[in-house]
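# A look at the structure
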Amino acid sequence: VQLQAFGGGLVQPGGSLRLSCAASGRTFSNYKMGWFRQAPGKEREFVAAISWSGGSTYYADSVKGRFTISRDNAVSTAYLQMNSLKSEDTAVYYCAATDRVPSDLIVRHEYDYWGQGTLVTVSP
């Protein structure tokens with residue numbers, strides 16, 4: 001499956017952005033999806049994940065209550081709605097997919113397919 005992430009940009013603290021991850025090449029509903037981010041000089045870290053159907057979601061503590069992951073299998077796209085953005089949310093955001101069963105969705109090495117990343121900058 002090929003993934004393309006987009007929707008990043010510059011936003012002020014407290015603002016919102018919605019990232020999208022468009023998938024192609026395989027049946028999208030066969031894959032669990034995740035979002036990770038990597039800030040300059042830091043390791044890539046888990047942000048959020050969602051099950052095949054969207055019935056189960058998982059979040060890092062740092063974004064819980066502010067970010068929402070969702071998916072629309074009809075258009076092969078996953079989303080990350082980001083609200084109340086903070087400067088520490090500044091990073092390159094990557095979407096990822098896995099069809100492993102079972103899989104620990106907070107672990108980046110569980111994902112076999114990655115998008116190219118989209119930059120989110122939170123600054124006044």
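Described below are features of the structure shown in this document. Predicted, not measured: the structure shown is a model, and the values here were computed from it.

Attention shifts here to the packing of aromatic side chains. The geometry of an aromatic ring pair is captured by two quantities: the separation of the ring centres and the angle between the planes. Inspection of the entire model under this criterion finds 5 aromatic pairs. Chaining the aromatic ring pairs together yields one cluster made of F36, F46, Y111 and W114. Sitting over the face of the ring of Y94, R44 holds its NZ or CZ atom 3.7 Å from the ring centroid. Sitting over the face of the ring of W114, R44 holds its NZ or CZ atom 5.0 Å from the ring centroid.

For strand β9 (residues 91-98), a buried count of 7 out of 8 residues is recorded, marking the element as mostly surrounded by other parts of the structure. In terms of strand pairing, strand β4 (residues 32-38) meets β9 through 7 bridges, oriented antiparallel. Bridge assignment links M33 to a residue of β9, and that residue is A97. With 3 bridges joining them, β9 and strand β11 (residues 118-122) adopt antiparallel strand pairing. Looking at the pairing, A91 lines up with V120 of β11. Across 2 bridges, the pairing between β9 and strand β10 (residues 113-114) is antiparallel.

What follows covers the nonpolar core. Membership of the largest hydrophobic core comes to 36 residues, with the highest contact counts inside it found for M33, W35, L80, M82 and Y93. Listed by contribution, the elements that provide at least two residues to this core are β1 (2-6), β3 (17-24), β4, β5 (45-50), β7 (67-72), β8 (77-82), β9 and β11.

Looking now at the state of the cysteines. One pass over the structure, following the stated rule, counts 1 disulfide. For C21, the disulfide goes to C95, at an S-S distance of 2.1 Å. Between C21 and C95 the sulfur-sulfur dihedral comes to about 65°; the bridge is accordingly right-handed. One end of the pair, C21, is in strand β3; the other, C95, is in strand β9, with 74 residues separating them in the sequence.

Together, Y58, I106 and V107 line one region of the surface with nonpolar side chains, adding up to about 250 Å² of accessible area. When its relative accessible area of 31% is taken as the criterion, V107 is described as partly exposed.

Let's shift gears to the side chain of R66. Inspection of the secondary structure puts R66 in the loop between β6 (57-59) and β7. Separated by 2.9 Å, the side chain of R66 and the backbone oxygen of S62 make a polar contact. From its side chain, R66 meets the backbone oxygen of S84 in a polar contact 2.9 Å long. If sequence neighbours within four positions are ignored, R66 has contacts with Q81, M82, N83, S84, L85, K86 and D89.

In terms of backbone geometry, most residues other than glycine have negative phi values and most peptide bonds are trans. P102 follows V101 through a cis peptide bond whose omega is -5°. Within the secondary structure, P102 sits in the loop between β9 and β10. One non-glycine residue, S76, lies in the positive phi region at around 55°. Structurally, S76 is set in the loop between β7 and β8. Positive phi, close to 50°, is recorded for S84, a residue that is not glycine. Take S84: it is sitting in the loop between β8 and β9.

What counts as what
- Residues numbered from 1 in each chain as written.
- Predicted model: local features only at pLDDT ≥ 70, side-chain atom pairs only at ≥ 80, totals over all residues.
- Heavy atoms only, no water.
- Phe/Tyr/Trp six-rings, centres within 6.5 Å; stacked < 30°, edge-to-face > 60°.
- Lys NZ or Arg CZ within 6 Å of the ring centre and 35° of its normal.
- Buried < 20%, exposed > 50% of the residue type's maximum accessible area, 1.4 Å probe, protein only.
- Helix = DSSP H or I, 4+ residues; strand = E, 2+ residues; numbered from the N terminus.
- Pairing = 2+ DSSP bridges.
- Core = buried A, V, L, I, M, F, W, Y, C linked by side-chain atoms within 4.5 Å.
- Disulfide = S-S within 2.5 Å.
- Patch = residues over 30% accessible without salt bridge, like charges linked within 9 Å, V, L, I, M, F, W, Y side chains within 5 Å.
- Areas by Shrake-Rupley, 256 points an atom, 1.4 Å probe, with all protein chains shown as cover.
- Salt bridge = Lys/Arg side-chain N within 4 Å of Asp/Glu carboxyl O.
- Polar contact = N/O pair within 3.5 Å; in protein donor to acceptor, adjacent residues only side chain to side chain.
- Contact = heavy atoms within 4.5 Å.

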